[in-house]
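A look at the structure
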Amino acid sequence: VQLQASGGGLVQAGGSLRLSCAASGRTFRQSTIGWFRQAPGKEREFVAASWRSTGRTYYGDSVKGRFTMSRDNAQNTVYLQMNSLKPEDTAVYYCALDDRLILSSVTQAEQYDYWGRGTQVTVSS
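Residues numbered from 1 in each chain as written. Predicted model: local features only at pLDDT ≥ 70, side-chain atom pairs only at ≥ 80, totals over all residues. Heavy atoms only, no water.

1. Let's talk about the state of the cysteines
Rules: Here, a disulfide means two cysteine sulfur atoms that sit within 2.5 Å of each other. Per the convention used, a helix needs a DSSP run of H or I reaching at least four residues, while a strand needs a run of E reaching at least two, with both numbered from the N terminus. Working definition: with a 1.4 Å probe on protein chains only, accessible area under 20% of the residue-type maximum means buried, over 50% means exposed, and in between means partly exposed.
Applying the stated criterion to the full structure yields one disulfide. In this model, Cys21 is linked to Cys95 through a disulfide, with the two sulfur atoms separated by 2.0 Å. Note on the Cys21 and Cys95 pair: the S-S dihedral is about 70°, so by sign convention the disulfide is right-handed. Separated by 74 residues along the polypeptide, Cys21 in strand S3 (residues 17-24) and Cys95 in strand S9 (residues 91-98) bring together distant segments of the chain. Considered together, Cys21 and Cys95 belong to a single accessibility category, that of buried residues.

Next comes the structure, spelled out in structure tokens:
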């Protein structure tokens, strides 16, 4: 499986960006897809995940109400719509995939088997 995140860039505070993560090599209909981010000097942080069993989406507390994750299984692509961006959202954003995660593990980066290269998001104040 290869994952490719894209859509990052520089945006002013209050602005929006939409990230995409495309999977190749196989379909991900039965997979959990997660978004994580990592700012310089900080640990990787859970952003959002779509759980494999129900497709329901879960969000980290810092992005609830501002970010929306969606998935297009036919296109093997997931999206992260980011609105009302803040300078503290600045980070490299990664998408990840796993086929066996239980619900309680979707927020744990170390539980994901496959990772894409990240895309930089920079929010200026």
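2. A short note on the nonpolar core
Condition: Among buried residues, those of type Ala, Val, Leu, Ile, Met, Phe, Trp, Tyr and Cys that are joined through side-chain atoms within 4.5 Å constitute a nonpolar core. Here, residues are in contact when the closest pair of their heavy atoms is within 4.5 Å.
Counting 26 residues, the largest nonpolar core has Trp35, Val47, Phe67, Leu80, Met82 and Tyr93 as its most contacted members. For this core, the secondary-structure elements that each account for two or more residues are strand S1 (2-6), S3, strand S4 (32-38), strand S5 (45-50), strand S7 (67-72), strand S8 (77-82), S9 and strand S11 (119-124). In contact with Val47, other than residues within four places in its own chain, are Trp35, Phe36, Arg37, Tyr58, Tyr59, Gly60, Val63, Phe67, Leu80 and Tyr93. In this structure, Phe36, Phe46, Leu101 and Ala109 belong to the second largest nonpolar core, which totals nine residues.

3. Thoughts on unusual backbone geometry
A negative phi angle is the norm for most residues apart from glycine, just as the trans form is the norm for most peptide bonds. With phi around 55°, Asn76 is a residue other than glycine that occupies positive phi space. We classify Asn76 as buried; its relative accessible area is 10%. Of note in the backbone geometry, Ser84 takes a positive phi value of approximately 50° without being a glycine. Within the secondary structure layout, Ser84 lies in the loop between S8 and S9.

4. Brief notes about the side chain of Asp89
Rules: By the criterion applied in these results, polar contacts are pairs of N or O atoms within 3.5 Å in which, for protein atoms, one can donate a hydrogen and the other can accept it, and in which residues neighboring in sequence qualify only through two side-chain atoms.
Note on placement: Asp89 falls in the loop between S8 and S9. A polar atom in the side chain of Asp89 sits 2.7 Å from the side chain of Arg66. Not counting the four nearest positions on each side in its chain, Asp89 is found in contact with Arg37, Arg66, Phe67, Ser84, Val121 and Val123.

5. Here's the deal with the environment of Ser125
Structurally, Ser125 can be placed in the segment after S11. Judged by its relative accessible area of 87%, Ser125 is exposed. Put simply, Ser125 and Ala96 are 29 residues apart on the chain and 29 Å apart in space, counted from C-alpha to C-alpha. Look past the residues within four positions of Ser125 in its chain and what remains in contact with it is Ala13 and Pro87.

6. A look at the side chain of Arg66
Looking at the secondary structure, you find Arg66 in the loop between strand S6 (57-59) and S7. One polar contact links the side chain of Arg66 to the main-chain carbonyl oxygen of Ser62, over a distance of 2.8 Å. The residues touching Arg66, leaving out its near neighbours within four places in the chain, are Gln81, Met82, Asn83, Ser84, Leu85, Lys86 and Asp89.

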